[in-house]
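# Architecture and fold: a report
One-letter residues, chain by chain:
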Amino acid sequence: MLPVTEKSTILLEFPPPPECSVMGWVLKREQERLRNTLTCVLCKSKPVEITLLPCGHFVLCAACSDECNICPVCNKEALAEVKTFLC
Ligand SMILES: [Zn+2]
Ligand SMILES: [Zn+2]
């Protein structure tokens, strides 16, 4: 059994479907929340999918990262881009 933590509040608000494990369901909800939250800072329309290196900022969609060699958050040069999946 899961220990009773603050997370139990979330479970009470959104009862998980019985076929999912509780942890899997919590993770899935968290990923959906992140996906809804993270929108590319440049075009503000597409979901974020690229992590810039070496600074590590996760703020750009693939299309914008192609045209952007400088991180828009910290202005460091983006030496590499990593396609990042939230699932
Ligand atoms: Zn974009
Ligand atoms: Zn950065």
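Position numbers for residues count from 1 along each chain, tracking the sequence in the order it is written. Whichever chain is written first is A, and whichever ligand is written first is 1; the rest continue in order. Per-residue local features are limited, in this predicted model, to residues with pLDDT of at least 70; the limit for side-chain atom pairs, both in listing and counting, is 80 or more; totals at the level of whole chains, interfaces and linings are taken over all residues.

### What about the overall build of the chain?
- In this description a helix means any DSSP run of H or I spanning at least four residues, a strand means any run of E spanning at least two, and both kinds are numbered starting from the N terminus. When helices and strands are tallied, the chain shows three helices and three strands.
- Start at the N end of the chain and walk to the C end: the helices and strands fall as α-α-β-β-α-β.
- Across the 87 residues in the chain, those meeting the buried criterion constitute 13%.
- Any residue pair is listed as a contact if its two C-beta atoms, each placed from the backbone, are within 7 Å. In the chain, of all internal contacts separated by at least 6 residues, the share reaching a separation of at least 24 is 29%. Put plainly, a residue is buried at 20 or more neighbouring C-beta atoms within 10 Å of its own, exposed at 12 or fewer, and partly exposed in between, counting only other residues' C-beta atoms, which are placed from the backbone.

### A closer look at the environment of Glu-32
- Relative to the helices and strands, Glu-32 resides in helix α2 (residues 22-37).
- Looking at Glu-32, the number of C-beta atoms within 10 Å reads 12, which means it is exposed.
- Once the C-alpha coordinates of Glu-32 and Leu-86 are considered, the two residues, 54 residues apart in sequence, prove to be 8.7 Å apart.

### What to know about the UniProt feature "domain: RING-type" (unreviewed entry) in the chain
- UniProt positions are given in the numbering used here, feature names are shortened, and annotations may be inferred rather than shown by experiment. Listed under "domain: RING-type" (unreviewed entry) in the UniProt record, and renumbered for this structure, are residues 40-75.
- Span residues 40-75 is 17% helix and 19% strand, its end C-alpha atoms 16 Å apart.

### A few points about the sheet that holds strand β1 (residues 50-53)
- Taken together, the three strands give an open sheet; going across it, the order is β2-β1-β3, and neighbouring strands pair in antiparallel fashion. Single-partner strands in this sheet number two, and they are β2 (58-60) and β3 (80-83). For this sheet, the mean angle separating the axes of adjacent strands, direction not counted, is 50 degrees. DSSP calls a pair of strands paired once it identifies at least 2 bridges connecting them. Axis definition: a line fitted to C-alpha atoms, limited for helices to the stretch in contact. Angles are taken between N-to-C directions and run from 0 to 180 degrees.

### Concerning the environment of Ile-50
- Note that Ile-50 resides in strand β1.
- Not counting the four nearest positions on each side in its chain, Ile-50 is found in contact with Leu-60, Cys-61, Ala-62, Ser-65, Glu-81, Val-82, Lys-83 and Thr-84.

### Comments concerning the confidence of the model for the chain
- pLDDT expresses, on a scale from 0 to 100, how confident the predictor is about each individual residue. Taken as a whole, the chain shows an average pLDDT of 82; of its residues, 72% reach a score of 70 or greater.
- Here helix α1 (residues 7-13) is the element of the chain with the lowest mean pLDDT, 56, and β1 is the one with the highest, 95.

### Re the pairing of β1
- Taking every second residue as pointing to the same face, the buried face of β1 carries Ile-50 and Leu-52, while none of Thr-51 and Leu-53 on the other face is buried.
- With two bridges connecting them, β1 and β2 associate as antiparallel partners. Paired with Ile-50 across the strands is Leu-60, a residue of β2.
- What sits between the antiparallel neighbours β1 and β2 is a turn of four residues, in which Gly-56 has the positive phi angle 85 degrees.
- Direction of pairing for β1 relative to β3: antiparallel, over a ladder of four bridges.

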